[in-house]
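# Residue-level structural notes
So you can see what is in the structure, the chains are spelled out below.
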Amino acid sequence: MSFTGKYELQSQENFEPFMKAIGLPDDQIQKGKDIKSISEIVQDGKKFKVTVTTGSKVLHNEFTIGEECEMELLTGEKVKAVVQLEGNNKLVANLKGLTSVTELNGDIITNTLTLGDLTYKRISKRI
């Protein structure tokens, strides 16, 4: 299953408490909470390019399945991570105590970020 496509945020759960927990400033949390971000994924075999645009903020990460890479977090911090593919529709990464699971089902992508006992969930639809 190919992840390639553009996806628009449809809904999210626990945005504010999660962003506070990872250290995002309150003004950025307030600006970002109602913006429908657009995620663009380009998959070429095991190589991925992911661009998430939220208003004027653009987050760009590139990685190859199973290889260490440097990824930028929402806070702007860069961390080393290895992204794994589970089955043919789930990307899993551990980023400095944060677990990211991105699952594709048809035209819906669900991204779940977990930090300790706090979970932030984003659901986006292919456009």
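My aim in this report is to walk through the structure given alongside it, one point at a time. (Residues numbered from 1 in each chain as written. Predicted model: local features only at pLDDT ≥ 70, side-chain atom pairs only at ≥ 80, totals over all residues. Heavy atoms only, no water.)

### Points about the overall build of the protein chain
The criterion, for reference: Secondary structure elements are taken from DSSP: a helix is a run of H or I of four residues or more, a strand is a run of E of two residues or more, and numbering for both begins at the N terminus. Note that the radius of gyration is over C-alpha atoms, with the globule rule given as 2.2 Å times the number of residues to the power 0.38. Any residue under 20% of the maximum accessible area for its type is buried, any over 50% is exposed, and the rest in between are partly exposed; the area is computed with a 1.4 Å probe on protein chains only. Contacts are residue-level and defined by heavy atoms, with any inter-residue pair within 4.5 Å sufficient. Methods summary: accessible areas were calculated by the Shrake-Rupley approach with a probe of 1.4 Å, and residue burial reflects only the protein chains presented. Counted as positive: Lys and Arg. Counted as negative: Asp and Glu, with His and the chain ends omitted from the count. Here the site of a charge means atom NZ of a Lys, CZ of an Arg, CG of an Asp or CD of a Glu.
From N to C terminus, the protein chain includes two helices and ten strands. When the helices and strands of the protein chain are placed in sequence order, the string is β-α-α-β-β-β-β-β-β-β-β-β. Computed over the C-alpha atoms, the radius of gyration of the protein chain is 14 Å, within 12% of the 14 Å expected from 2.2 N^0.38 for a compact globule of 127 residues. With 127 residues in all, the protein chain has 35% of them scored as buried. In the protein chain, once contacts between residues fewer than 6 apart in sequence are set aside, the share between residues at least 24 apart is 39%. Just so you have it, the protein chain exposes about 7,200 Å², and 49% of that area is on carbon and sulfur atoms. The positive charge centre, built from 17 side chains, and the negative charge centre, built from 18, are 2 Å apart in the protein chain.

### Here's the deal with the layout of surface pockets
Under the convention used in this document: In the cavity and pocket records, a cavity denotes points on a 1 Å grid over the protein atoms alone where a 1.4 Å probe fits but cannot get out, a pocket denotes an open set with protein on both sides within 12 Å along at least 5 of 7 lines, and lining residues are residues with an atom within 4 Å of a point. Grid points are joined across faces, edges and corners, and a volume is the space filled by probe spheres set on the points. For this scheme, ten residues count as nonpolar: Ala, Val, Leu, Ile, Met, Phe, Trp, Tyr, Cys and Pro. Four count as charged, namely Asp, Glu, Lys and Arg, and the remainder, Gly too, count as polar.
Its volume calculated, the largest pocket comes out at about 1,200 Å³. Taken together, 46 residues line the largest pocket, and the ones lying closest to its centre are Val52, Leu59, Leu74, Asn111 and Leu113. When its residues are assigned to classes, the lining of the largest pocket shows 26 nonpolar, 14 polar and six charged.

### What to know about the nonpolar core
Stated formally: Nonpolar core, defined: a set of buried Ala, Val, Leu, Ile, Met, Phe, Trp, Tyr and Cys residues in which side-chain atoms within 4.5 Å join the residues together.
With 28 residues, the main nonpolar core has Phe63 and Leu95 as its most contacted residues. Listing elements by their share of this core, those giving two or more residues are helix H1 (15-21), strand E3 (47-54), strand E4 (57-64), strand E5 (68-72), strand E6 (78-86), strand E7 (90-95), strand E8 (98-105) and strand E9 (108-115). Not counting residues up to four positions away in its chain, the partners in contact with Phe63 are Lys46, Lys47, Phe48, Val50, Cys69, Met71, Val83 and Leu91.

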